[in-house]
Amino acid sequence: MSEEEKPSPYRRHDNDLEAGINEFEEEEDSGPFDILRTKSASVDRLKRWRQAALVLNASRRFRYTLDLKKEEEKKQVITKIRTHAQVIRAAYLFQAAGKQELGTAPKLPVTTVPSGDHGSKPEQLASMTRNHDFSALQNYGGVNGLADTLKTSLDKGINGNEADILERKDVYGSNTYPRKKGRSFWRFLLDACRDTTLIILMVAAAASLVLGIKTEGLSEGWYDGGSIALAVVIVVVVTALSDYKQSLQFQNLNEEKQNIHLEVTRGGRRVEISIFDIVVGDVLPLKIGDQVPADGVLISGQSLAIDESSMTGESKIVQKDHKAPFLMSGCKVADGYGTMLVTSVGINTEWGLLMASISEDNGEETPLQVRLNGVATFIGIVGLMVAVSVLVVLLARYFTGHSEDEEGNQEYFPGKTKASDAIDGAIKIFTVAVTIVVVAVPEGLPLAVTLTLAYSMRKMMADKALVRRLSACETMGSATTICSDKTGTLTLNLMTVVDAYICGKKFDPSENQSVLPPKVASLLIEGIAQNTTGSVFKSEDGEVEVSGSPTEKAILQWGVNLGMAFDDVRSGSSIIHAFPFNSEKKRGGVAVQLTDSNVHLHWKGAAEIVLACCSSYINVDEGLVPIEEDQRMLFKKAIEDMAAGSLRCVALAYKKCGRDTVPDNEEELAHWQLPEDDLVLLAIVGLKDPCRPSVKVAVQLCIDAGVKVRMVTGDNLQTARAIALECGILQSDEDATVPNIIEGKTFREYSEADRLIAAEKISVMGRSSPNDKLLLVQALRKNGHVVAVTGDGTNDAPALHEADIGLAMGIQGTEVAKESSDIIILDDNFASVVKVVRWGRSVYANIQKFIQFQLTVNVAALVINVVAAVSDGDVPLNAVQLLWVNLIMDTLGALALATEPPTDHLMKRSPVGRREPLITNIMWRNLLVQAFYQVCVLLVLNFHGKSILNLEHEKKEHAEKVKNTLIFNAFVLSQIFNEFNARKPDEMNVFKGVTKNRLFMGIVGITLVLQVIIIMFLGKFTTTVRLSWKLWLVSIIIGFISWPLAAIGKLIPVPDKPLSSFFTRKLLRRRTSRGSAG
């Protein structure tokens, strides 16, 4: 095989079609439960699996899946609110236009001042922004007059003291909206009662109760029916408690998702606050990717464009300026930057009304949940058939006179037995059959996913990962590659200027401006202060605070070191137009008008890109020197040397323009393209951003786990190469060559077929645009990878959405990026991404543990009861006992096994294939060994227990009860011991780390204590007798043997090829032959 054709070691096997973009994923004739990507599944696919599932309690089973009906209602509510708002706005604008034509502009009505010393009512302000009422704003005296009315400063904001904030909240309301209360415990109790089988059991229990009291009297006759009823009540209450606890966890996580943090200007300084703490009068800086957090008016802005689709439903970008200054809460900043004055918050905004109407969480299904519904349906159908068989056999034996009571007497005599006795006997048989259905249909299986996801989500919060989409938790366990940003994710995001080339010479950045020619120093300071989205605040004691993105902060701090007085420079000249930094062009610029009416253009961006636009530079004598080819090569060499030292290279340049070259009118100025040719180079600076200390270990963990880490960065390729070597993404200098490292432009220019080949080999992509990242993600997914992508910018949104798992950065990430993501990494740290992979694998592993445990119980309980019923006409495990087993199996078993924390062992496996069978060959081996052992031992006890236990001389009724009690006790203890085996399906030491999982130990302890109480004190209810210490010892030994047996079983080799693949191949052959015949 040639070098080009070698498959990647990170590829999944051929039959694991995991790419989101392939012809097989949405195949119409694939199974209803075969949905790989619920993130983009159609409504029809979601309906198909719901209709195909065998469900006993729909309200409980589908509680945490997407409520398709509510989703439709939610869309209708949003449409109604949007339409209503647009109609009111259109009517008002029509009215205003008519009055202006008549020369009578509408005046703001005079109103009384509300409580507090503020000059406008919240309803007036809300009406003004909601209706985009420009004349009302003019009546306030424009933005300046409105600021005076609201007692705020457009430059410094409100003073920010607690009394002022409380008063504003009291007068204008807080930035919150009424949320619908979560379900109460009683709702969950009602849901748990809706289980079809439990309802049937309650009806049977009621009938048995009536007949028992009638025939045996109240004191003795209520036990049979009453014990079943009590067991059902306990099952219902425990189920409801477990479900209620889960719902509270989800509620807390949903509240955390909505708690956006953002910057406001208060008292002249920028401070970070929660979106819920914004008040009317606040001054907010806005930049590309931000969400507008409240209604307000624009104070100032440069090329500010707002995406109002979330409010209007139309994908239309609206330009904002002093003619169209109104900003609506919930909209996104699509381009540019600016500042706004908050005029309405919370329920007084359209967004608040919208969110109050649809705030109830609507659920979401995950691929694993869907697959488990398929498994539960298959097991349920088998169990249903078994239950029907048992019912038919037992009824046939009963009514043909072949069944005996506890004394050994024939139970039914045709024509002689009373009708009430016959009905009572039939009800008991029917109850056993229904209880078999309860045990056989694993309702708790799909819900175990929800339980483990809720647990994982809570724990992931502690590991600095906020899950926005449930399915991402489990999909992360299948990730085969992670495309990571460099800045802030692999590095610390603490940038400092450590190198500088000015006037064609190397300068020490720590020096002050005295070492620079005055003209160069003045131009540099002007460019640094004006061409920025950051800010510098100087407190009264002289302490300087710099805010903004890490790059902006580093350059602003360098400016402060050069002697820059930020506020003075900003007030000494004014920005007339701006070209905000663009990740495609990798540069940003401003046009600044000086006091002498001259205009300076200042550009800042990627060093080699800005250098290419420069035709001259200023030397140490302040002379303008053309950049000849040899000088250009020297500048390029300086950039390469900086990049090789893992520095980010940024160049600053300027151009002097005559006022006559700048458009005069505002409309032309708004569309003016800033000249970017013949620039004068001012400086090339190198910014150091050290690697995170933990990143090399985290990258190695990924490599060991079969997950390839790829760096995708907008930085210079040499900078990216140096950081990749430092992080361990590239192992050596030999690796750091083409095709392992590539520029985004080169990749972009490949044909689609070439991109698919190149994508496999790429470890580092430098100078990449967001579109390059998207193309890489698409190529990798087509190649069969499960792709996780990190992103922080607005333009990363398409790649985050396209990826199987989108990971947005919590600190540097924009709101647009976060909304497109599945998981938010709260500390922007790559090590946290690796922890998410661990948790993803843990989710899958925990579900498999629970499946193994539950299927062992299922198989053993069904086989024991079926064999005994068919051969003996009686079942050793009665209805109440089976309900207790069901409780151990469903709720308590799920709690114990679905909440196992992740282990290092998980990161030594290959990624989990999304088409790999849920029940692996190892699991089949383990559960068959345990089930076979339990069935053999308990059937021997059932048929020969009396002789083995020397009970032949005892009364038949007592001997039968002792034997059945021992079977029940041994069966339950076997499950308790087997719960330990299920913890480690493929490891010998099943006790490793068991003491760290207190919940597991607690549940095992509670189960054991309750079993002792049942046997020793609740015999009347469970139809058991007290066991002697010898029989307790026998029960414990039977359970204990499962431990060494599990260890021996693990020595049995199993084939690598899944058993299910044999059936799949046969099915495919049949389909192919059918297709060819057709």
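Quick caveat: nothing in here was measured; it's all calculated off a predicted structure. (Residues numbered from 1 in each chain as written. Predicted model: local features only at pLDDT ≥ 70, side-chain atom pairs only at ≥ 80, totals over all residues. Heavy atoms only, no water.)

**Side note on the overall build of the protein chain**
Logical step 1: In terms of helices and strands, the protein chain carries 39 helices and 26 strands.
Logical step 2: In the protein chain, which comprises 1078 residues, the proportion classed as buried is 55%.
Logical step 3: Here the contacts in the protein chain between residues at least 6 apart in sequence split such that 73% fall between residues at least 24 apart.
Logical step 4: Roughly 46300 Å² of accessible area belongs to the protein chain as shown, and the carbon and sulfur atoms make up 57% of that amount. (Helix = DSSP H or I, 4+ residues; strand = E, 2+ residues; numbered from the N terminus. Buried < 20%, exposed > 50% of the residue type's maximum accessible area, 1.4 Å probe, protein only. Contact = heavy atoms within 4.5 Å. Areas by Shrake-Rupley, 256 points an atom, 1.4 Å probe, with all protein chains shown as cover.)

**Describing helix H38 (residues 1042-1049)**
Logical step 1: If you check which residues of H38 are buried, you get Ser-1042, Ala-1046 and Gly-1049. Buried positions in H38, seen along its axis, are confined to an arc of 65° and lie on one side of it.
Logical step 2: Looking at the buried side of H38, the elements it contacts are helix H33 (921-948), helix H34 (956-983) and helix H37 (1029-1040). (Arc of directions from axis to C-beta.)

**Observations concerning the packing of aromatic side chains**
Logical step 1: By the definition in use, this model includes 14 aromatic pairs.
Logical step 2: Their ring planes at 65° and their centres at 5.5 Å tell us that Phe-1040 and Trp-1043 sit as a pair that is edge-to-face.
Logical step 3: When its relative accessible area of 40% is taken as the criterion, Phe-1040 is described as partly exposed.
Logical step 4: Clustering of aromatic rings is evident, with ring pairs tying together Phe-977, Phe-980, Phe-991, Phe-1000, Phe-1040 and Trp-1043.
Logical step 5: The side chain of Arg-983 reaches across the aromatic face of Phe-1000, ending 5.6 Å from its centre. (Phe/Tyr/Trp six-rings, centres within 6.5 Å; stacked < 30°, edge-to-face > 60°. Lys NZ or Arg CZ within 6 Å of the ring centre and 35° of its normal.)

**Focus: the UniProt feature "transmembrane region" (unreviewed entry) in the protein chain**
Logical step 1: As annotated in UniProt, the feature "transmembrane region" (unreviewed entry) corresponds to residues 188-213, 225-244, 375-399, 429-455, 999-1019 and 1031-1052 in the numbering used here.
Logical step 2: Regarding residues 999-1019, the helix share stands at 95% and the strand share at 0%, and the terminal C-alpha atoms are separated by 29 Å.
Logical step 3: With 82% helix and 0% strand, residues 1031-1052 has end C-alpha atoms that lie 32 Å from one another. (UniProt positions renumbered as here; feature names shortened; annotations may be inferred.)

**Things to note about the environment of Tyr-455**
Logical step 1: Here Tyr-455 lies in helix H16 (residues 444-462).
Logical step 2: Overall, Tyr-455 belongs to the buried group, its relative accessible area being 10%.
Logical step 3: Taking the C-alpha atoms as reference points, Tyr-455 and Thr-899, 444 residues apart in sequence, are found 6.3 Å from one another.
Logical step 4: Tyr-455 has contacts with Gln-249, Trp-839, Ala-898, Thr-899, Glu-900 and Pro-901, leaving out every residue within four places of it along the chain.

**A closer look at the pattern of salt bridges**
Logical step 1: By the definition in use, this model includes 31 salt bridges.
Logical step 2: The residue Lys-782 makes a salt bridge to Glu-752 at a minimum N-O spacing of 2.4 Å. Here the residue Lys-782 occupies a position in helix H28 (residues 770-782), and Glu-752 occupies one in helix H27 (residues 752-761), the gap between them amounting to 30 residues.
Logical step 3: According to the relative accessible area criterion, Lys-782 is partly exposed, its value standing at 37%.
Logical step 4: Between Lys-818 and Glu-815 there is a salt bridge, and its shortest N-O distance comes to 3.5 Å. One end of the pair is Lys-818 and the other is Glu-815, both in helix H30 (residues 815-820) and three residues apart, which spans about a single turn.
Logical step 5: Residue classification places Lys-818 among the buried residues on the basis of a relative accessible area of 12%.
Logical step 6: Judged by its relative accessible area of 10%, Glu-815 falls in the buried class. (Salt bridge = Lys/Arg side-chain N within 4 Å of Asp/Glu carboxyl O.)

**Comments concerning unusual backbone geometry**
Logical step 1: Cis peptide bonds are those with omega within 30 degrees of zero, and the linkage from Val-738 to Pro-739 qualifies with 10°.
Logical step 2: Following the sequence through the fold, Pro-739 ends up in the loop between helix H25 (717-727) and strand E22 (741-743).
Logical step 3: For His-132, which is not glycine, the phi dihedral falls at a positive 55°.
Logical step 4: By the element assignment, His-132 lies in the loop between helix H4 (122-130) and helix H5 (134-139).
Logical step 5: One non-glycine residue, Lys-151, lies in positive phi territory at about 55°.
Logical step 6: For Lys-151, the location among the structural elements is in the loop between helix H6 (142-149) and helix H7 (162-172).
Logical step 7: We classify Lys-151 as partly exposed; its relative accessible area is 47%.

**Overview of the environment of Leu-524**
Logical step 1: Along the chain, Leu-524 turns up in helix H18 (residues 518-530).
Logical step 2: Leu-524 sits 78 residues away from His-602 along the chain, and the two C-alpha atoms are 9.2 Å apart.
Logical step 3: Beyond its immediate sequence surroundings of up to four residues, Leu-524 is in contact with Ile-502, Leu-516, Trp-558, Leu-652, Leu-682 and Ala-683.

**Examining the sheet that holds strand E26 (residues 823-825)**
Logical step 1: Read across the open sheet, the eight strands follow the order E8-E26-E25-E24-E9-E21-E23-E22; overall the sheet is mixed. Each of the sheet's edge strands pairs with one partner strand only, and the pair in question is strand E8 (465-467) and E22. With direction set aside, neighbouring strand axes in the sheet form an average angle of 20°.
Logical step 2: Pairing of strand E9 (residues 481-484) with strand E21 (residues 708-712), which is carried by four bridges, proceeds in the parallel orientation. Across the sheet, Ile-482 pairs through a bridge with Val-709, a residue of E21. (Pairing = 2+ DSSP bridges. Axes fitted to C-alpha atoms, helices over the stretch in contact; angles between N-to-C directions.)

**Thoughts on H28**
Logical step 1: The terminal C-alpha atoms of H28 lie 19 Å apart, and with 13 residues this matches the ideal 18 Å at 1.5 Å per residue to within 8%.
Logical step 2: Of all 13 residues in H28, 10 are buried; the element is thus mostly enclosed.
Logical step 3: The complete set of buried residues in H28 reads Pro-770, Asp-772, Lys-773, Leu-774, Leu-775, Leu-776, Val-777, Ala-779, Leu-780 and Arg-781.
Logical step 4: Downstream of H28 by one or two residues, Gly-784 has phi in the positive range, about 100°. (Expected span 1.5 Å × (residues − 1).)

**Here's the deal with the side chain of Ser-456**
Logical step 1: Looking at where Ser-456 falls in the secondary structure, it is placed in helix H16.
Logical step 2: We classify Ser-456 as buried; its relative accessible area is 1%.

**A closer look at a nonpolar patch on the surface**
Logical step 1: Together, Ile-1006, Val-1009, Leu-1010, Ile-1013, Phe-1017 and Leu-1018 line one region of the surface with nonpolar side chains, adding up to about 510 Å² of accessible area.
Logical step 2: Tracing the sequence through the fold places Leu-1010 in helix H35 (residues 998-1017). (Patch = residues over 30% accessible without salt bridge, like charges linked within 9 Å, V, L, I, M, F, W, Y side chains within 5 Å.)

**What to know about the packing of H27 against H28**
Logical step 1: The contact between H27 and H28 brings their axes to 9 Å, and the two run at 80°. Taken as axis vectors, H27 and H28 run roughly perpendicular relative to one another. Of H28, the residues touching H27 (which contributes Glu-752, Arg-755, Leu-756 and Ala-759) are Leu-775, Leu-776, Ala-779, Leu-780 and Lys-782.
Logical step 2: Broken down by class, the residue content of the contact of H27 with H28 amounts to six nonpolar, no polar and three charged. (Parallel < 35°, antiparallel > 145°, perpendicular 65-115°, else oblique. Nonpolar A, V, L, I, M, F, W, Y, C, P; charged D, E, K, R; others polar.)

**A short note on the nonpolar core**
Logical step 1: Counting residues in hydrophobic clusters, the biggest one holds 79 residues, and the most contacted among them are Leu-201, Leu-883, Trp-884, Phe-968 and Phe-971.
Logical step 2: If you look at the next biggest cluster of nonpolar residues, it comprises 70 residues, including Leu-253, Val-764, Ile-825 and Val-836. (Core = buried A, V, L, I, M, F, W, Y, C linked by side-chain atoms within 4.5 Å.)

**Things to note about the side chain of Ser-616**
Logical step 1: Structurally, the position occupied by Ser-616 is in strand E17 (residues 614-618).
Logical step 2: Using a relative accessible area of 8% as the deciding quantity, one classes Ser-616 as buried.
Logical step 3: The contacts of Ser-616, once residues within four sequence positions are left out, are Leu-624, Val-625, Pro-626, Ile-627, Leu-679, Val-680 and Leu-681.

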